[in-house]
Every structure is written in C-alpha cells, then in structure tokens.
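Each chain, letter by letter, is given below.
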Amino acid sequence: MTYEEFKGELYRIMMQQDAVVGRKIMLLEKGYTTRDDQMLNLIRYINRVTYGREDNVMHGDFIQVVWGEGSVRSMMSWDVRTYFERYKKEGWQGIIPELLLKIQHSGLSAEWLNLEEEGYGQAREKLILRPINFDHNRFELEDCIYWKKGDIALTLYGVVYDAEDDYVTMKIKRAICSGWGLSDEELLQDAMENTMRLMPPRLYLSTDLRAKHPWTEGEFLPDEAAGSGKERGEAGEGIPWAIHPGNEMEGTLGYRLTTTRVLNGAIAFFYPGVRGRLAEMFGDFYVGFTSIHEAVLHPVRFQSPWCMRESILGIN
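Residues numbered from 1 in each chain as written. Predicted model: local features only at pLDDT ≥ 70, side-chain atom pairs only at ≥ 80, totals over all residues. Heavy atoms only, no water.

## A word on the overall build of the protein chain
The criterion, for reference: Going along the chain from the N terminus, every DSSP run of H or I of four or more residues is numbered as a helix, and every run of E of two or more is numbered as a strand. Exposure is judged per residue with a 1.4 Å probe applied to protein chains only, and the accessible area is read against the type maximum: over 50% gives exposed, under 20% gives buried, and values in between give partly exposed. The accessible surface values rely on the Shrake-Rupley method and a 1.4 Å probe; as for residues, cover is taken only from the protein chains in view.
Helices and strands together make up the secondary structure of the protein chain, namely 11 helices and 11 strands. Relative to its 316 residues, the protein chain shows a buried fraction of 46%. In the form shown here, the protein chain has an accessible surface area of approximately 16,700 Å², with 51% of it arising from carbon and sulfur atoms.

Have a look at this one:
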C-alpha cells in the first residue's frame, strides 16, 4: 500500500467507527489552506507545535479530532506519516485500536470543565500551569489566565487526557472558570501547587540525556529528599546521578532543570523554593530556557551569558 492509499484508507476507517460520534474528524493534507479564521488558527497551531513555524499552510498530513462545544473545546492531532511508518511494521491491528482508545477517552475526561462552584474540588485536581512564550501567543492569551514572567506566560491549563504516551491539555479561558467563584490569583496558586505535586522538580547534569529517569533521581529540594528515606552519602559520593556544584567541568557544561515527567519542565524554575535552593547550591547563576520542557543552568563563575545565548540560538 502506498502512502497516499494509506492516508485515504486511514481517514475512511476512522470515519466509520462508532467511537467518533460527537467528535469531528478531519483530514488536513499538506498544502491545504483556507480563509476560515477558525481553521486558520488550527493550521497555525499544528504548524507551530510540530514544525516550530506559525503560518497558514499545512506542512504535513494530519488527522484532526475536535470535540466539545462553545468554550469547552479541545482537540488531538495525529501525523499520518508517523502512523504510516508504524503500519508498515505492525499492520492495521497495531494502530487502529490505539487511535480508537484515544478518541474514546477524549470526550470523557472533560466533564469537570462544566462544573460550577460546588464542583471546583474536582476541577482543581485537573488544573496545571504551562510555561509558554508570551509574544508568540499574545493574541491567544487575551481571554486566558496567566502570570507573566519576563517573556514567559505561566498559563492556566486543564488536563483533558492523560496516558503514558499522550498528555492532552487545553487552555482554561475565563468563560470556563467564570462559575467557580475564584479570583485569577487563587486559580493560579492552586494550579501551581497542583503542578508541583504532580510533577516535582528535578536537576540533572546537562550531559545526562536519558529520556526517563527513576522517580528519585535528581532530587535537590531538601524536604523531598528527607522524605524519601534514601541514604544519600556525603557530597553525593556513590550516587552516580548526584551533582557537584563546585565542579568546574560540570558548571561549564551546565545543569538541566526539569520535572519528573520531563514535560513542560521549564515550569520547575518558577516553583516555590526552587530558585532559592539553586542559589544556595550555585551562588549566582544564569538560566536559559532551551524549550518549554527544561531550563539550563550555569554558575556565573563557570560560564558567560554570550556563550549561553549562542547555544540557545543554535538549539532553536
């Protein structure tokens, strides 16, 4: 089966499934554009997230699933090319059940968005903060709730779908939370506490590029380390993941600050107590945000901001 044949067949199969009832399924093909403002926003979003460039023409083929009504709307996007490569190895039986499961879950976990003030206890558990670039998202943020920290907006989101390999969130606009009876500050504080509980901060060597780490590796906040009951050794001796703040080589290469989930990990820099603890460990330090998923740290005595800037520009 050619790629073009697969693309058409995948779309046809998805449209025929009972699981798609109440969800809008679209095939957005490479080169597609439109004058419809809502669709243009969708195209720009996919391009920005997938290719890092926000323009009005699709750069790949995507299956798009949209569900919800009014202000309570969300979506999932799947790169057709990725699933074609999997199809060649696994066949239909390897991808269709997975896609159907995601669609089935998509509309079931957002009911909490419709709850009024008395249901906020349930809604609170779903609230998180995500760090996004303020300038790139200025217009999308007009009806959202956020803290502005320099050129970063710590933005209120809700978790719609959470599985090991998929994590779907949506911005919480004022129309959604108007019935909760809380101020912006209260909502943001609750979301900050919830985010830190769900995804505690972690600090690793920048040379440690493993995608996943054991839960306790990288702990650096005293309260959490004390609560874990681990034998830590003097100055990290015998612990391969321990860092040594005075080591010149480590300081020159830098440290990677993220979360246990390594997802939206740049938020860790804004957690209560984190910046103070980092200052205790390193003294004066520079921080650079290489992506929304992490920040890189260098003690001032071991690195220059100009080298960091060049490195970040290269990464981006």
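Here the narrative resumes.
## Details of helix α1 (residues 3–15)
Think of an α-helix as 3.6 residues a turn; residues three or four steps apart then line up on the same face. Condition: By definition here, a helix of n residues has an expected span of 1.5 Å times n minus one. To obtain the arc, one takes the directions from the helix axis to the C-beta atoms.
Along its 13 residues, α1 runs 18 Å from first to last C-alpha, staying within 8% of the 18 Å computed at 1.5 Å per residue. Looking only at α1, the buried set comprises Tyr3, Phe6, Lys7, Leu10, Ile13 and Met14. Taken down its axis, α1 places every buried residue within 135° of arc, on the same side.

## Points about the pairing of strand β7 (residues 167–171)
Formally: Two strands pair under a simple rule: DSSP has to find at least two bridges between them.
Within β7, five of the five residues are buried, leaving the element largely enclosed by the surrounding structure. Neither face of β7 is exposed, since Tyr167, Thr169 and Lys171 on one face and Val168 and Met170 on the opposite face are all buried. Pairing geometry for strand β6 (residues 152–162) and β7, over five bridges, is antiparallel. By the bridge assignment for β7, Tyr157 is matched with Lys171.

## Topic: the packing of aromatic side chains
Under the convention used in this document: Stacked, tilted and edge-to-face are the three classes assigned to paired rings of Phe, Tyr and Trp, where Trp is represented by its six-membered ring and a pair needs centres within 6.5 Å; plane angles under 30 degrees give stacked, over 60 edge-to-face, the rest tilted.
For the structure shown, the criterion picks out 11 aromatic pairs. Aromatic side chains Tyr3 and Phe84 sit 5.4 Å apart centroid to centroid with 75° between the ring planes, which places their arrangement in the edge-to-face category. Pair noted here: Tyr3 is in helix α1 and Phe84 is in helix α3 (residues 80–90), with a separation of 81 residues, a long-range link. Judged by relative accessible area, Tyr3 falls into the buried class, the value being 10%. Overall, Phe84 belongs to the buried group, its relative accessible area being 6%. An angle of 50° between the planes, with centres 6.0 Å apart, marks the rings of Phe134 and Tyr146 as tilted. Of this pair, Phe134 sits in the loop between β4 (127–133) and β5 (146–149) while Tyr146 sits in strand β5; the two residues are 12 residues apart in sequence, bridging distant segments of the chain. Accessibility expressed as a relative area gives 29% for Tyr146, which makes it partly exposed. Taken together, the ring pairs in this structure connect Tyr3, Phe6, Phe84, Tyr87 and Trp92 into an aromatic cluster.

## Some words on the side chain of Asp61
The test is simple: Should any heavy atoms of two residues lie within 4.5 Å, those residues are considered in contact.
Locating Asp61 in the fold gives a position in the loop between α2 (37–51) and β2 (62–69). Judged by its relative accessible area of 8%, Asp61 is buried. Residue contacts for Asp61: discarding those within four places in its chain leaves Tyr3, Lys7, Leu28, Glu29, Lys30, Trp78, Asp79, Val80 and Arg81.

## Digging into the nonpolar core
This is how it is decided: In this text, buried Ala, Val, Leu, Ile, Met, Phe, Trp, Tyr and Cys residues form a nonpolar core when linked through side-chain atoms within 4.5 Å.
Counting residues in hydrophobic clusters, the biggest one holds 68 residues, and the most contacted among them are Leu203 and Leu278. The element best represented in this core is β6, accounting for eight residues. Those residues in contact with Leu203, other than ones at most four positions away along the chain, are Gly218, Phe220, Ile243, Tyr255, Arg256, Leu257, Leu278, Met281, Phe282 and Leu297. Formed by nine residues, the second largest nonpolar core is a distinct cluster that contains Leu28, Met39, Met58 and Phe62.

## A closer look at the environment of Lys171
Basically, it comes down to this: In protein, a polar contact requires one atom able to donate a hydrogen and another able to accept it; more generally it is a pair of N or O atoms within 3.5 Å, and residues adjacent in sequence count only if both atoms are side-chain atoms.
Tracing the backbone shows Lys171 in strand β7. It is 9.6 Å that separates the C-alpha atoms of Lys171 and Asp143, two residues lying 28 residues apart in sequence. The contact partners of Lys171, leaving out residues within four places of it in the chain, are Ile132, Glu140, Cys144, Leu156, Tyr157 and Ile176. At a separation of 2.9 Å, a polar atom in the side chain of Lys171 contacts the side chain of Glu140.

## Some words on the side chain of Asn264
In this fold, Asn264 is placed in the loop between β9 (255–259) and α10 (274–282). Side chain to side chain, Asn264 and Arg130 meet in a polar contact 3.2 Å long. Excluding anything up to four places from it in sequence, Asn264 contacts Arg130, Pro131, Tyr167, Ile292 and His293.

## Section: the pairing of β5
On a regular strand, one side chain projects to one face of the sheet and the next to the other, so that they alternate. Relative to β6, β5 is paired through four bridges, and the arrangement is antiparallel. By the bridge assignment, Lys149 is partnered in β6 with Ile152. What sits between β5 and β6 in their antiparallel hairpin is a turn of two residues, with Gly150 showing a positive phi close to 65°.

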